[in-house]
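Descriptive structure summary
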Amino acid sequence: MAKSGPDKSPTAHVSGQSNKPLSRPAHALSHAEVAAELNADALGGLSPEEAKRRLEEYGTNDLGEAEGVQPIKIVIAQVANAMTMVLILAMAVSFGIGSYIEGGVVAAVILLNIVVGFFQEYSAEKTMDSLRSLSSPTASVVRDGEAKVVPSGEIVPGDLVEVKMGDTIPADLRLIEAKNFETDEALLTGESLPVRKSENSVFEDNTGPGDRLNVAYSSSTCTKGRAKGIVFATGVYTEIGAIASALNKKDSKVRPVKRKPDGRAGPHRYLEAYTLTLGDVIGRFLGVNVGTPLQRKLSKLAMLLFGIAIVCAIIVLGANEFHTTQEVIIYAVATGLSMIPASLVVVLTITMAAGTKRMVQRNVIVRNLKSLEALGAVTDICSDKTGTLTQGKMVARGAWIPGLGTYTVELNSEPFNPTKGDMRFDTRMPHQISFKPKDSEKDVDDGASYGTIEKPTDLLSRSKSRLQEFLAVASLANLATVFQKDGAWHTRGDPTEVAIQVFSSRFNWNRVAFTSGEKPEWTEFAEFPFDSDVKRMSVIMKHNTTGEHITFTKGAVERVIGVCTRYYNTDDATARGAEVEMTEDFRNEVIRNMEVFASLGLRVLALASRKVDASVQISEDINRDLVERDLTFHGLIGLYDPPRPESAPAVRECHEAGISVHMLTGDHPETAKAIAIEVGILPKNMDRISGDVARAIVMTASAFDALSDDEVDNLPVLPLVIARCAPSTKVRMIEALHRRGKFCAMTGDGVNDSPSLRRADVGIAMGTGSDVAKDASDIVLTDDNFASIVAAIEEGRRIFDNIQKFVLHVLAENIAQAGTLLVGLAFKDETRLSVFPLAPVEIVWIIMITSGLPDMGLGFERAVPDIMRRPPQSLKTGIFTLEFLVDMVVYGLWITALCLSSFVLRVYAFGDGDLGSNCNDSYSEACETVFRARATTFACLTWFALFLAWELVDVRRSFFRMQPGSKLYFTQWMHDVWRNKFLFWAIVGGFITLFPTLYIPVINHKVFKHTGISWEWGIVFIAAGLFFGGVEAWKWGKRVYFRRAEAKKTGRAWKDMDIEERVFGDYLGGYSSQGSNTVLNTRD
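Residues numbered from 1 in each chain as written. Predicted model: local features only at pLDDT ≥ 70, side-chain atom pairs only at ≥ 80, totals over all residues. Heavy atoms only, no water.

The line we're drawing: UniProt positions are given in the numbering used here, feature names are shortened, and annotations may be inferred rather than shown by experiment.
Per an unreviewed UniProt entry, the protein carries the name P-type Na(+) transporter and comes from Cercophora newfieldiana. Quoted verbatim from the Cofactor (unreviewed entry) heading of the UniProt record, the comment on the protein is "Mg(2+)".

**A word on the state of the cysteines**
Put simply, the test is: Criterion for a disulfide: a pair of cysteine sulfur atoms at a distance within 2.5 Å. The buried label applies to any residue whose accessible area, calculated with a 1.4 Å probe on protein chains only, is under 20% of its type's maximum; exposed applies above 50%, and partly exposed to all values in between.
Under the defined criterion, the tally for this structure stands at one disulfide. The disulfide bridge from Cys 919 ends at Cys 927, spanning 1.9 Å between sulfur atoms. One quick way to see it: the torsion about the S-S bond of Cys 919 and Cys 927 is about -90 degrees, and its sign makes the bridge left-handed. For the pair shown, Cys 919 and Cys 927 are each scored as buried. Here Cys 744 is not cross-linked by a disulfide; its sulfur's nearest cysteine counterpart is in Cys 382, at 5.6 Å. Given a relative accessible area of 0%, Cys 744 falls into the buried group. Cysteine Cys 940 remains unbridged, with the sulfur of Cys 899 as its closest cysteine sulfur at 6.1 Å.

**Some points on helix 30 (residues 840-850)**
The following threshold applies: Helix numbers and strand numbers start at the N terminus; a helix is a DSSP run of H or I with at least 4 residues, a strand a run of E with at least 2.
Of all 11 residues in helix 30, nine are buried; the element is thus mostly enclosed. Taken together, the buried positions of helix 30 are occupied by Pro 840, Val 841, Glu 842, Ile 843, Val 844, Ile 846, Ile 847, Met 848 and Thr 850.

**Looking at the sheet that holds strand 23 (residues 660-664)**
Heads up, the condition is: Whether two strands pair comes down to DSSP finding at least two bridges between them. Between N-to-C directions, angles span 0 to 180 degrees; the directions come from axes that are lines fitted to C-alpha atoms, helices contributing only their stretch in contact. Between two residues, a contact is recorded if the distance between any of their heavy atoms is within 4.5 Å.
The mixed open sheet is built from eight strands, whose spatial order is 8-28-27-26-9-23-25-24. At either end of the open sheet lies a strand with only one pairing partner, and these are strand 8 (364-366) and strand 24 (698-700). Ignoring which end each strand starts from, the neighbouring axes of this sheet average 20 degrees apart. Inspection of the sheet shows strand 24 paired to strand 25 (residues 721-723) by three bridges, in the parallel sense. When the bridges of strand 25 are listed, Met 699 appears paired with Ile 722. In this fold helix 22 (residues 669-679) packs onto strand 23, strand 24 and strand 25, with an angle of close to 150 degrees to the strand it touches most, strand 25.

**Some details on the packing of helix 31 (residues 852-859) against helix 35 (residues 981-999)**
Helix-helix packing: each pair is described by the crossing angle between the helix axes and the interaxial distance. Keep this limit in mind: Each angle is binned into one of four classes, with values under 35 degrees roughly parallel, values over 145 roughly antiparallel, values of 65 to 115 roughly perpendicular, and all other values oblique. In this scheme, a crossing is called left-handed if the near helix is turned counterclockwise away from the far one by less than a right angle; it is called right-handed if the turn is clockwise. Each residue gets one of three labels, nonpolar for Ala, Val, Leu, Ile, Met, Phe, Trp, Tyr, Cys and Pro, charged for Asp, Glu, Lys and Arg, and polar for the others, Gly among them.
Contact pair helix 31 / helix 35: the axes reach a minimum separation of 8 Å and the direction vectors enclose 165 degrees. One finds that helix 31 runs roughly antiparallel with respect to helix 35. Crossing geometry of helix 31 relative to helix 35 is assigned as left-handed. Of the residues in helix 35, those touching helix 31 at Leu 853, Pro 854, Met 856, Gly 857 and Leu 858 are Phe 982, Leu 983, Ala 986 and Ile 987. Looking at the contact of helix 31 with helix 35, its residues break down into eight nonpolar, one polar and no charged.

**Looking at the packing of aromatic side chains**
Any pair of aromatic rings gets described here by the distance separating the centres and the angle formed by the planes. Spelled out, the test is: Centres within 6.5 Å make a pair out of two Phe, Tyr or Trp rings, where for Trp the six-membered ring is used; the pair is then stacked when the planes are under 30 degrees apart, edge-to-face when over 60, and tilted otherwise.
With the rule as written, the count across this model stands at 36 aromatic pairs. The interplanar angle of 75 degrees and the centroid separation of 5.4 Å between the aromatic rings of Trp 522 and Phe 552 together place this pair among those described as edge-to-face. Of the two residues, Trp 522 sits in strand 16 (residues 522-528) while Phe 552 sits in strand 18 (residues 549-556), which places them 30 residues apart along the sequence. Side by side, Trp 522 and Phe 552 carry an identical accessibility label, which is buried.

**Comments concerning the pairing of strand 23**
Among the five residues that make up strand 23, four are buried, leaving the element largely enclosed by the rest of the structure. Bridging between strand 9 (residues 380-383) and strand 23 involves four bridges; their strand directions are parallel. Considered in strand 23, the bridge of Ile 381 is made with Val 661. In this structure, strand 23 lies alongside strand 25, joined through two bridges in parallel fashion. Pairing of Leu 664 across the sheet is with Ile 722, part of strand 25.

**Details of the nonpolar core**
Condition: Among the buried residues, those of types Ala, Val, Leu, Ile, Met, Phe, Trp, Tyr and Cys that are joined through side-chain atoms within 4.5 Å form a nonpolar core.
Among the nonpolar cores identified, the biggest contains 158 residues, and Leu 298, Ile 681, Val 762, Phe 786, Ile 803 and Val 807 are the most heavily contacted of them. At 17 residues, helix 29 (residues 786-823) tops the list of elements feeding residues into this core.

**Details of the confidence of the model for the protein**
The test is simple: pLDDT is a per-residue confidence score from the predictor, ranging from 0 to 100.
Overall, the predicted model of the protein reaches an average pLDDT of 82, with 88% of residues at or above 70. Across residues 245-251 the pLDDT falls below 50, and counting only partners more than four positions away or on other chains, this stretch makes five contacts in the model. In the predicted structure, residues 437-447 sits below a pLDDT of 50 and forms 18 contacts with residues beyond four places in sequence or in another chain.

**Notes on a nonpolar patch on the surface**
Put simply, the rule reads: Like charges are joined within 9 Å and nonpolar side chains (Val, Leu, Ile, Met, Phe, Trp, Tyr) within 5 Å, but only among residues with over 30% relative accessible area and no salt bridge; these make up the patches. The accessible surface values rely on the Shrake-Rupley method and a 1.4 Å probe; as for residues, cover is taken only from the protein chains in view. Salt bridge criterion: a side-chain nitrogen from Lys or Arg within 4 Å of a carboxyl oxygen from Asp or Glu.
A cluster of nonpolar side chains, namely Val 75, Val 79 and Met 85, defines an oily patch on the protein surface of about 190 Å² accessible area. Locating Val 79 in the fold gives a position in helix 3 (residues 71-79).

**Quick notes on the pairing of strand 3 (residues 160-164)**
Counted residue by residue, strand 3 has four buried out of five residues, so it is predominantly covered. Here three bridges tie strand 1 (residues 138-143) to strand 3, and the two strands are oriented antiparallel to one another. Residue Val 142 lies in a different strand from strand 3, and its bridge partner there is Leu 160. Relative to strand 7 (residues 221-233), strand 3 runs antiparallel, the two being bridged by five bridges. The residue bridging Glu 162 from the neighbouring strand is Lys 228, located in strand 7.

**What to know about empty space enclosed by the protein**
One water molecule sets the probe size; rolling that probe over the atoms shows where empty space is left. What counts is decided by this rule: Cavities and pockets were defined on a 1 Å grid built over protein atoms only: a cavity is a set of grid points that admits a 1.4 Å probe from which the probe cannot escape, a pocket is an open set flanked by protein on both sides within 12 Å along at least five of seven lines, and lining residues are those with an atom within 4 Å of any such point. Grid points are joined across faces, edges and corners, and a volume is the space filled by probe spheres set on the points.
This model, assessed by the stated rule, comprises six cavities of 30 Å³ or more. Roughly 70 Å³ of volume is contained in the second largest cavity. Elements represented by at least two residues in the lining of the second largest cavity include exactly helix 29 and helix 30. In terms of residue count, the dominant contributor to the lining of the second largest cavity is helix 29 (four residues).

**A few points about unusual backbone geometry**
Non-glycine residue Asn 180 carries a positive phi angle of around 50 degrees. With relative accessibility at 2%, the residue Asn 180 sits in the buried group. Unlike most non-glycine residues, Asp 630 shows phi in positive territory, near 50 degrees. Along the polypeptide, Asp 630 turns up in the loop between helix 20 (624-627) and strand 22 (631-640). For Asp 630, a relative accessible area of 31% puts it in the partly exposed group.

**Focus on the side chain of Lys 554**
Basically, it comes down to this: Throughout this description, a polar contact denotes any pair of N or O atoms lying within 3.5 Å of each other; where both atoms belong to protein, one of them has to be capable of donating a hydrogen while the other can accept it, and for residues adjacent in sequence the pair is counted only when both atoms sit in side chains.
Here Lys 554 is to be found in strand 18. In terms of polar contacts, Lys 554 uses its side chain to reach the side chain of Glu 497, at 2.7 Å. Once you skip the residues sitting within four places of it in the chain, Lys 554 turns out to touch Ala 477, Asn 478, Glu 497, Ile 500, Arg 536, Met 537, Val 560, Leu 605, Ala 606 and Leu 607.

**As for the pattern of salt bridges**
Inspection of every chain in the model, using the stated rule, returns 51 salt bridges. Taking the shortest distance from any N to any O, the salt bridge between Arg 143 and Asp 159 comes out at 2.7 Å. Residue Arg 143 is found in strand 1, and its partner Asp 159 is found in the loop between strand 2 (146-151) and strand 3; the two are separated by 16 residues along the sequence. Here Arg 143 and Asp 159 have matching classes, each one buried. Between Arg 462 and Glu 454 there is a salt bridge, and its shortest N-O distance comes to 2.7 Å. Accessibility expressed as a relative area gives 47% for Arg 462, which makes it partly exposed. It is possible to trace a salt-bridge network through shared partners that takes in Lys 20, Glu 50, Arg 53, Arg 54 and Glu 57.

**Brief notes about the side chain of Glu 861**
Mapped onto the secondary structure, Glu 861 falls in the loop between helix 31 and helix 32 (882-909). In this structure Glu 861 comes out as buried when scored by relative accessible area, which is 1%. At a separation of 2.9 Å, a polar atom in the side chain of Glu 861 contacts the side chain of Arg 979. Apart from residues lying up to four places away in sequence, Glu 861 is in contact with Arg 798, Asn 802, Lys 805, Val 953, Arg 979, Asn 980 and Leu 983.

**Things to note about the environment of Glu 1032**
Structurally, Glu 1032 is set in helix 37 (residues 1017-1050). It is 9.1 Å that separates the C-alpha atoms of Glu 1032 and Arg 956, two residues lying 76 residues apart in sequence. Here the side chain of Glu 1032 touches Phe 959 through a polar contact of 3.0 Å, landing on its backbone nitrogen.

**Side note on helix 35**
Our working definition: For a helix, the expected span equals 1.5 Å multiplied by the residue count minus one.
For helix 35, spanning 19 residues, the distance from its first C-alpha to its last is 28 Å, which sits close to the expected 27 Å at 1.5 Å a residue. Three or more residues of helix 35 are buried, namely Leu 983, Phe 984, Ala 986, Ile 987, Gly 990, Phe 991, Leu 994, Thr 997 and Leu 998.

**Describing the environment of Asp 775**
By the element assignment, Asp 775 lies in helix 28 (residues 771-776). On the basis of relative accessible area, Asp 775 is assigned to the partly exposed category, the value being 46%. Between the C-alpha atom of Asp 775 and that of Leu 757, which follows or precedes it by 18 residues, the distance is 9.5 Å. In this structure Asp 775 touches Arg 367 and Arg 758, once residues within four positions along its chain are discounted.

Right, here's the structure in full:
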């Protein structure tokens, strides 16, 4: 909630005014007057200290609509759920038949379950609430002259905010600069078309919101251009704050009545609507139509188990000839309770919430819980290159100017410092030069092969015009700022433009120097931002000395030379024949030079310009096609964006995990190919690839889009690299992957990426991307790093594994308890009524007390060593794989056999075989044998439940050898059990709580229906040894089976295959995809 100010009521606020009223509404003042009244700096912004003070004064920038965590709702949810209702039913039956002790224990368990569940759920909700705040919109503000990204809630009046296409406006802004700036204000004004804004306009006080063209409104979206503005209103004082109540209206949960075209509806339609609404209410109560897919699946499982519990209770009644005595009914209640996994949904919620918290530590913000389940099933990642696989810190490494020569910049440790790094010049064209590999440490020593080192100022003084015109385009068709402050170099802007601006600044050719001051040499008139369709960016500048208007353009080489008609072939522009027509041969030469730069991993852009005809009316509304034509080509500039050091290991980790990585980039094919080989997306031995596969493995977007769906499906492989990629190409790639049965993740950061992010199984937005892209995504990367995607997938697999482990633990116990009680029906006393081997309170105790915390501990277990060395799991089967189901039955039956054996041994082998009379209800001397046998069985089952939790830490590896590379052959298990301290102390607590139930008088006889044991502990110890022996034997058998099955079908196990064979086998030959799929199916 926003902090309270003097008067936070929106009803007391005048439209267009600030949080503290100005002399006139902001739209009726010039931007200089608004800045002055707000004590704002239109150049450097507020200081951090002042921003903090204003945040305390005005409160957070929100509408106050967030409900936050609501304890009352959590309490209601803990009571009104299927599991608790079953326990309440059991409690009611116990009280109804006079079994007050059993009823009281169940009531205590219900209360304990509600209290523990409340605190766990409250903690989980607080975690998710904090994550929602992390994934909330951000804004780019200038503070102390530095651009920084802050949460929108921290914006204060007086802040200087920069917005660009795709951003959500964080607060009401009085614009001070607008370049082709348009916003979508449909949420506020209902206007369906974007509104063009103008910073210099001033309007009357009573002008309506829709006509205030000098103001950008909070929550509207920038659809075009860019702008800067001073914040004058935040929170409920914004225009959108006045209609916050409408935004907060909840959707109706009542099903609509289907009506005829004339509006009438028959009675059956009303009955249908009411029935469906009632069904929805029941479904929400039972949890079968709310939550994530896994939560819904587990709720349906709970309903199934409830049905099985009823069947088991009927079996108990039938075995006792439907006698409705207290003993028989309580036995039926005990059998029913044994099938209820009471802690299942709570532990699932806690595990997933804890997983999201861990992901934040790995720079991943989860926007919805269903993506946690989906991450573990990802088979393909479609990633952008710039800033994700690469560092996003571009450096201009080379440039070529026709008729002049090639410039090369050596790498240095200060990429933003234009005074660092040697520059080489060679009169030859790039394709005539033999370049060393860009990452060679011998570049500086052996660089003479591609030019001599010269000072930039000397090169500039020697050039007559060509270099100057090239630098004019480089610095002016550029929105980045490069400046020196306190002896350090600082930059602001897009990394691509920063790199070009640094290059031009090497020659003292800086945009700021030419466009600022009292009498600037150049003034900007119009700007055409980069567009993913035309792949160009242009500005129209006026040369104030000559009065000429000139268009400066930069962009993708093919798109720029396509609109160029001339170029200069000598350095002297005044020489006769210097300007010549652009021919097809010269275009091919440009492409050839560009490919040389691209093969070095450089992103290559072309620069061009033209004088604007005097007859053309210049304004921001001018059609860009009128100015981006008949250009004069000035040259190429190559930018190197080094791969992140962690990208290659992360790609390799994906390959080891059976995940294919696709690079979808706007760069040239050769640039993309070079980087893809460097990070391991493409095989290094590309010469081994057959021709048809080589053509498919690297494609341009135009070639890919030209194929029909059938042709795409008939490709031998889907492309691993798509260059010159457009947003529509990403959507087609996702659809192609889906048709091949793949489960894909897609990255994106722009407005146009939102369709592909929504279409992907897991949409991944960049933290620096647009708010529109974030809203369309499932997860957000705070560091824009590909390695974080891999970390998210690993975390998703860990959560999936842990959920599978604790569900297996719960259900195996349920089978063991139910099996013990059902077989125990055969034990008849003198009255021919069944004597239960486990009492009802013992059952509830083991379900809720003994196993509850170990289940949660399994949810916190860290990833197994080979979690990223196995294929993705299938979401079709989910956690209920064939291996899971078989394990559940085997462990359940093995525990049942051991529990029954301990009961039989104590009663018949070491006892007199007398089952007494009325031993299900009270203790007597005749029941001594039964009570001791029951205590022995209870101790065995308690130990088995606790030991099974440790055994399930790894469902295949031995408990004594869970770390395969460890040299601690006999003591490694000690380190493993201590590693997860929560699970360790939960199991220790389970052991400790066993003894009071056995030896405290009254509690043991009256409540648990057993008595203290002595020498019977020998049976318990032997049974525990047999339990470990049986589980270890089963795991060994599984390891042998799966090893042989994989070797039989693929020649060897998945994890033993070479990376080249596993990943690129389809491309290099010698390894069939059918074998790969077989391994996947086997694993599933």
